[in-house]
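# Overview (structure and organization)
If you want the building blocks of each chain, they are given just below.
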Amino acid sequence: MRLRHIRGAEEAIAESPYVVQEPEAYRGRFQELFGNGNPIRIEVGMGKGRFLMEHARQNPAVNYIGIERYSSVLLRALQKLEEGKLPNIYFMRTDAKDLAGIFAPEEVERIYLNFSDPWPKDRHAKRRLTSPEFMRVYDQILAKDGVLEFKTDNRELFVWSLMSIPQAGWQIRAYTEDLHHSDMADGNVMTEYEEKFSAMGNPICKLVAAR
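Within the structure shown, the criterion is met by nine aromatic pairs. Where Phe150 meets Phe158, the ring centres are 6.4 Å apart and the plane angle is 20°; that geometry is what we call stacked. The exposure class assigned to Phe158 is buried, which follows from its relative accessible area of 0%. With a centroid separation of 5.7 Å and an interplanar angle of 10°, the aromatic rings of Tyr193 and Phe197 are classed as stacked.

Given below as structure tokens:
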């Protein structure tokens, strides 16, 4: 994926009080960062942050951490957050493969994956965020009763994920290939991509997985 670089993005991220600059230093004590004992939920590949910020508004007793590897995208999320500050949300710029070194075992209550890069070529399958390789990373940080939620408009990726996630020892608790016309739509918060694709008539797929 090629993204347009925004001049000054790295500097703005480094200076922002909403970005955890050295996340490894909080491993096992992220609740101290928030100053409470509330559960922690993370979104991997949060994009511009709309989904996570809306969840933070609706659930003030839950702590949220948005993870984004691209500086220019993270900057857009920061700009949105500064328009309406929220005390229960932080961001970090890191790669999903490094999460086990950032969060302690069982430190995360829920993981959200929304409209992840499908990496359509077979040789790139290990890069998909629902691959067994990444599921093993999530397994190291998710609470025993925690869940992972995945949404996409890419049916090929979704069908592949329905097979790859159980291969990593997880169970698919629920799924639908048409979220907005299913029982799973209750309480659904749309992302920017979700709104765009559903307006085009593309059905949205969703699954919930646990161990």
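With that settled, consider the sheet that holds strand β5 (residues 142-152). Ordered in space as β3-β2-β1-β4-β5-β7-β6, the seven strands form an open sheet in which the pairing is mixed. Every interior strand has two partners, whereas the edge strands, β3 (89-92) and β6 (171-176), have only one. Between one strand axis and the next, the sheet turns by 20° as a mean value, whatever way the strands run. Inspection of the sheet shows strand β1 (residues 40-44) paired to strand β4 (residues 108-114) by four bridges, in the parallel sense. Bridge assignment links Glu43 to a residue of β4, and that residue is Tyr112. The sheet contacts of helix α5 (residues 132-141) involve β1, β4 and β5, and relative to β5 the element is tilted by about 140°. Where helix α6 (residues 155-167) meets the sheet, it contacts β5, β6 and β7 (205-210), and its direction lies at approximately 10° from that of β7.

Conventions we followed
- Residues numbered from 1 in each chain as written.
- Predicted model: local features only at pLDDT ≥ 70, side-chain atom pairs only at ≥ 80, totals over all residues.
- Heavy atoms only, no water.
- Phe/Tyr/Trp six-rings, centres within 6.5 Å; stacked < 30°, edge-to-face > 60°.
- Buried < 20%, exposed > 50% of the residue type's maximum accessible area, 1.4 Å probe, protein only.
- Pairing = 2+ DSSP bridges.
- Helix = DSSP H or I, 4+ residues; strand = E, 2+ residues; numbered from the N terminus.
- Axes fitted to C-alpha atoms, helices over the stretch in contact; angles between N-to-C directions.
- Contact = heavy atoms within 4.5 Å.

By themselves these figures say nothing about function.
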